[in-house]
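Each chain, written out:
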Amino acid sequence: MPPTGRRGLVTPLGILATVTAAFAYVGTVDPNEPGHYPVCPLLKITSAFCPGCGGLRSAHAFIHGDLGAAFSANAVATTGYFLLAAVWVLWLVRAWRGRPLRIALAPAWWWSIGALLLVFTVVRNLPFGSALAP
């Protein structure tokens, strides 16, 4: 049986500390200034935006409370911040109660997520989808 109470919170709180440190770093070191972060290899080689392009700028804007700029830099990443926060809260509550976090998605859901990312990637690289480009 998984640990309950405070002992069960060690892993979720450790993950929270790590994510907080990463967001604090990105919030402090501006990705809009060249030279701080490496260039996306796909963008460098093909000049095409991958689904993650603009993610650091999105995180930077998100940390500074500019949700419009965060969404504009990478809509998928910004949506993911809220989704992952909800999953983390669920994990914390379940860990406190001594229950494991099990998220079992049917294969159709995984295929749908992959298709959504593929469509997002293709559309943001087309002229009519330039609003989704970072």
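The structure this text deals with has already been given above.
Not measured: the values here are computed from a predicted model.

Participant: I'm lost on the overall build of the protein chain in this one. Help?
Facilitator: A tally of helices and strands in the protein chain yields seven helices and zero strands. Counting helices and strands in the order they occur from the N terminus, the protein chain gives α-α-α-α-α-α-α. Projected onto the principal axes, the alpha-carbon positions of the protein chain cover approximately 55 × 40 × 25 Å. The buried share of the protein chain, taken over its 134 residues, is 26%. Put simply, of all contacts in the protein chain between residues at least 6 apart along the chain, 57% involve residues at least 24 apart.

Participant: Would you explain the nonpolar core in this entry?
Facilitator: Among soluble globular proteins, nonpolar side chains are generally buried collectively. Of all hydrophobic cores here, the largest spans six residues; its members are Val 26, Val 29, Tyr 37, Ala 59, Ala 77 and Tyr 81. Filtering out sequence-adjacent residues up to four positions away, Tyr 81 remains in contact with Phe 23, Gly 55, Ser 58, Ala 59 and Phe 62.

Participant: Is there a simple way to think about the layout of surface pockets in this case?
Facilitator: Rolled over the atoms, a probe sized like a water molecule indicates the empty space that remains. When its volume is computed, the largest pocket comes out at roughly 470 Å³. Lining the largest pocket are 16 residues, and of these Thr 79, Gly 80, Leu 83, Leu 84 and Ile 113 sit closest to its centre. The biggest single contributor to the lining of the largest pocket is helix α6 (residues 75–96), with nine residues.

Participant: When you look at the packing of aromatic side chains in this model, what are you seeing that I'm missing?
Facilitator: Two aromatic rings, taken as a pair, are described by how far apart their centres are and by the angle between their planes. Applying the stated criterion across every chain, the model contains five aromatic pairs. Arranged with centres 5.3 Å apart and planes meeting at 80°, the rings of Phe 23 and Tyr 81 form a pair that is edge-to-face. Placement of the pair is Phe 23 in helix α2 (residues 10–28) and Tyr 81 in helix α6, with a sequence separation of 58 residues. Residue class for Phe 23 comes out partly exposed when judged on its relative accessible area of 22%. Aromatic pair Tyr 25 and Tyr 37: ring centres 6.1 Å apart, planes at 85°, arrangement edge-to-face. Placement of Tyr 25 in helix α2 and of Tyr 37 in the loop between α2 and α3 (41–46) is noted, with a sequence separation of twelve residues between them. Three or more aromatic residues link up through ring pairs in this structure, and these residues are Phe 23, Phe 62, Tyr 81 and Phe 82.

Participant: Just checking my understanding: could you explain the state of the cysteines for this structure?
Facilitator: Structurally, a disulfide amounts to a covalent bond that connects the sulfur atoms of two cysteines. Per the stated rule, a full pass over the model turns up zero disulfides. The thiol sulfur of Cys 50 is not disulfide-bonded, and the nearest other cysteine sulfur, from Cys 53, lies at 3.6 Å. The class of Cys 50 is buried, set by a relative accessible area of 15%.

Participant: Even after reading the chapter, I still don't get α6, so can you show me in this structure?
Facilitator: Along an α-helix, a turn takes 3.6 residues, which lines up residues three or four apart on a common side. Counted at 1.5 Å a residue, the expected span for α6 with its 22 residues is 32 Å, and the 32 Å between its end C-alpha atoms agrees. Every buried residue belonging to α6 is among Ala 75, Ala 77, Thr 78, Gly 80, Tyr 81, Trp 88 and Ala 95, and all of these are buried. The N-terminus of α6 is capped by Asn 74, whose side-chain oxygen sits 3.1 Å from the backbone nitrogen of Val 76. Where α6 ends, the next residue or the one after it, Gly 98, has phi of about 80°, a positive value.

Participant: Explanation requested: helix α4 (residues 55–63) in the structure shown.
Facilitator: The set of residues buried in α4 consists of Gly 55, Ser 58, Ala 59, His 60 and Ala 61. Those residues of α4 that are buried lie in contact with α2, α5 (67–73) and α6. Where α4 terminates, the next one or two residues include Gly 65, which has phi positive at roughly 80°.

The rules we used
Residues numbered from 1 in each chain as written. Predicted model: local features only at pLDDT ≥ 70, side-chain atom pairs only at ≥ 80, totals over all residues. Heavy atoms only, no water. Helix = DSSP H or I, 4+ residues; strand = E, 2+ residues; numbered from the N terminus. Buried < 20%, exposed > 50% of the residue type's maximum accessible area, 1.4 Å probe, protein only. Contact = heavy atoms within 4.5 Å. Core = buried A, V, L, I, M, F, W, Y, C linked by side-chain atoms within 4.5 Å. 1 Å grid on protein atoms, 1.4 Å probe; cavity = no way out; pocket = protein on both sides within 12 Å on 5 of 7 lines; lining within 4 Å. Points joined across faces, edges and corners; volume = space filled by probe spheres on them. Phe/Tyr/Trp six-rings, centres within 6.5 Å; stacked < 30°, edge-to-face > 60°. Disulfide = S-S within 2.5 Å. Expected span 1.5 Å × (residues − 1). Polar contact = N/O pair within 3.5 Å; in protein donor to acceptor, adjacent residues only side chain to side chain.

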